[in-house]
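Chains, contacts and geometry: an overview
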Amino acid sequence: MRPLVIASANGHEFTNGGRETCVERAFALMVSGTDPIQALVEGVTIVELDPGDTSVGFGSLPNADGIVELDACCMDASRRRAGGVAALQGVATAAAVAARVLEDTSHHLLAGAGAQAFARACGFPIVDDLNSERSRALWMEWKRRLAAHEATAGMSRIEAGYAIGLDMSLEGLLDANHLWGTIHCSALTPRGALAAVTTTSGLAWKLPGRVGDSSILGAGLYARAEAGAAGSTGRGESNLFGLSSFFIVEAMRRGAHPKDAAIDALRHIVADTTAPALLNGRRQPNFNVKFYAMNARGDHASAALYGGDDVRYAVCTENGAELRLCDALLDGPML
Ligand code: GLY
């Protein structure tokens, strides 16, 4: 079997001051015999610790109260094991905590204070604040705009908060992808084993306690032996509604190519998106969702609602790592 690691684009964009990206680290560890979950976690940890990515780990965009809350999950198809954490505060390396849930417990998901207590018991240092100067400044700007907005507009606070985030991304204050930014990374080992990891700070300025797709099996990731692995980045609620990663893996089990399975999942998201606050002027979703999928033979693809030259995914094989274009379902700009 030709080993393979795929990830969202941030898996080959950030190095946290080191020499390797996530997919390079994960691939190198995996082919040298490291357990695939451990290899993937070490890879995504690079991005979680890099403050340049404001969508995961340290320096990611906090909740509405200014507190960074992280969701992460790992799934090992060969061992039929999984572990996740949701709404975890105080530990930047949420994927590593999720891996301890997988390894050390028979549970699949720990949340909130319980997840943090588990991390502390495992020896993870708990810090008071995971904001960087940048993530705190962006949150304060969002708060300032929300206060001004509430005085004038008839929108609900949630709709207004979301609209302000879109405005801030249109003005270039933040990458629109980081509104729900996430890193997903999955692997096919030389022995044909499949594993997947997803980690995120979730929706920027979310209601405290909001959990998206990333920590939920079947939504933010899924991996089953002899079928494939899939994961997502983008608006988590859309994946939760359709359990898209499960949908994609089961389609691949029935023989669908990863690209066709991912495009079909995106079609369901478009059909399910009817709330006016989630539609752009062309009545299409005003958010992006991207899927990353590989089957058990090593065919792979990534598909997004909206594509473009800068909408790519990371691939690492024995020939090295590169960014490749994602396929897209919809034409035109997202906003
Ligand atoms: N996909 C990340 C989230 O929506 O939480």
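Residues numbered from 1 in each chain as written. Predicted model: local features only at pLDDT ≥ 70, side-chain atom pairs only at ≥ 80, totals over all residues. Heavy atoms only, no water.

Section: the site of the ligand
Operational definition: For this description, a residue counts as near a given molecule or strand if any of its non-hydrogen atoms is within 4 Å of it. For this analysis, a polar contact is any N or O atom pair within 3.5 Å, provided that within protein one partner can donate a hydrogen and the other can accept it, and provided that sequence-adjacent residues contribute only side-chain to side-chain pairs. Per-residue and other accessible areas were derived by the Shrake-Rupley procedure at a 1.4 Å probe size, with only the shown protein chains allowed to occlude residues. Cavity means a closed set of points on a 1 Å grid over the protein atoms alone, one where a 1.4 Å probe fits but cannot get out, pocket means an open set with protein on both sides within 12 Å along at least 5 of 7 lines, and lining means a residue has an atom within 4 Å of a point. Think of it this way: a molecule belongs to a cavity or pocket when more than half its atoms come within 2 Å of the grid points there. For this classification, Asp, Glu, Lys and Arg are treated as charged, while Ala, Val, Leu, Ile, Met, Phe, Trp, Tyr, Cys and Pro are nonpolar and the rest, including Gly, are polar.
Lining the immediate surroundings of the ligand are Trp180, Thr182, Thr200, Gly202, Leu203, Arg210, Gly212, Asp213, Ser214, Gly234, Arg235 and Gly236. A distance of 3.2 Å separates a nitrogen atom of the ligand from a polar atom in the side chain of Thr182. At 2.7 Å, a side-chain N or O of Arg210 approaches an oxygen atom of the ligand. Burial of the ligand by the protein amounts to 100% of the accessible area it has alone, namely 200 Å². Counting atoms within 2 Å of the grid points, the majority share of the ligand lands in the largest cavity. Tallied by class, residues from the shell around the ligand come to two nonpolar, seven polar and three charged.

Some thoughts on the pattern of salt bridges
Let me state the cut-off plainly: Salt bridge, as used here, is a side-chain nitrogen of Lys or Arg placed within 4 Å of a carboxyl oxygen of Asp or Glu. Strands are runs of DSSP state E lasting at least 2 residues, helices are runs of H or I lasting at least 4, and numbering of each runs from the N terminus. Type-normalised accessible area, obtained with a 1.4 Å probe on protein chains alone, sets the label of each residue: buried when under 20%, exposed when over 50%, and partly exposed for intermediate values.
This structure, assessed with the given rule, holds 16 salt bridges. Notably, a salt bridge pairs Glu103 with Arg79, separated by 2.7 Å at the nearest N-O pair. Of the two residues, Glu103 is situated in helix H3 (residues 94–104) and Arg79 in the loop between strand S2 (70–76) and strand S3 (81–88); the sequence distance between them amounts to 24 residues. Classification of Arg79 by relative accessible area gives partly exposed; the value is 33%.

Section: the sheet that holds S2
Where we set the bar: DSSP bridges decide pairing: two strands pair if at least two such bridges lie between them. Note on geometry: axes are C-alpha line fits, over the in-contact stretch for helices, and angles between N-to-C directions span 0 to 180 degrees. By definition in these notes, contact holds between two residues if any of their heavy atoms fall within 4.5 Å.
Pairing in this open sheet of eight strands is mixed, and the strands run S4-S3-S2-S6-S5-S1-S11-S12 from one edge to the other. With partners counted over all chains shown, the strands left at the sheet margins are strand S4 (109–111) and strand S12 (320–325), one partner each. Going from strand to strand, the sheet's axes swing by 10° on average, the running direction of each strand aside. Where helix H1 (residues 22–31) meets the sheet, its contacts fall on strand S1 (4–8), strand S5 (182–188), strand S11 (312–317) and S12, and the angle it forms with S1 comes to roughly 155°. Strands in contact with H3 are S2, S3, S4 and strand S6 (194–200); relative to S3, the strand with the most contacts, it is inclined by about 135°.

Focus: the sheet that holds strand S9 (residues 289–295)
Across the sheet, which stays open at both edges, the five strands sit in the order S7-S8-S9-S10-S13 with mixed pairing between neighbours. In this open sheet, the two edge strands, each paired with only one partner strand, are strand S7 (221–224) and strand S13 (327–330). The sheet shows a mean angle of 15° between the axes of neighbouring strands, direction not considered. Bridge count for S9 against strand S10 (residues 300–306) is five bridges, and the pairing is antiparallel. Pairing of Phe291 across the sheet is with Ala303, part of S10.

Observations concerning the layout of surface pockets
Which entries qualify depends on this criterion: Grid points are joined across faces, edges and corners, and a volume is the space filled by probe spheres set on the points.
When its volume is computed, the largest pocket comes out at roughly 450 Å³. Around the largest pocket, the lining is made up of 22 residues, and of these Ile158, Glu159, Gly161, Tyr162 and Leu203 lie nearest the centre. Of all the elements, helix H6 (residues 157–170) adds the most residues to the lining of the largest pocket, at seven residues. In terms of residue class, the lining of the largest pocket is built from 14 nonpolar, two polar and six charged.

What to know about the packing of aromatic side chains
Test applied: Working definition: a ring pair exists when centres of Phe, Tyr or Trp rings (six-membered ring for Trp) sit within 6.5 Å. Plane angles under 30 degrees give stacked, over 60 give edge-to-face, the rest tilted.
Applying the stated criterion to the full structure yields four aromatic pairs. For the pair Trp142 and Trp205, a centre-to-centre distance of 5.5 Å together with 15° between the ring planes defines the contact as stacked. Of this pair, Trp142 sits in helix H5 (residues 133–152) while Trp205 is found in the loop between S6 and S7, placing the two residues 63 residues apart along the sequence. Residue Trp142 shares its accessibility class with Trp205, and that shared class is buried. Summarising the aromatic geometry, the rings of Tyr222 and Phe246 are spaced 5.1 Å apart at their centres and angled 70° between planes, so their arrangement reads as edge-to-face. Note that Tyr222 is positioned in strand S7 and Phe246 in helix H8 (residues 244–253), a separation of 24 residues in sequence. Here Phe246 falls in the partly exposed class, since its relative accessible area comes to 36%. Three or more aromatic residues link up through ring pairs in this structure, and these residues are Tyr162, Trp180 and Phe287.

Looking at H3
Burial analysis of H3 places eight of its 11 residues in the buried class, which makes it a mostly covered element. The set of residues buried in H3 consists of Ala94, Ala95, Ala96, Val97, Ala98, Ala99, Val101 and Leu102. Its buried side turned inward, H3 meets helix H2 (36–49), S2, S3, S4, helix H4 (112–122) and S6.

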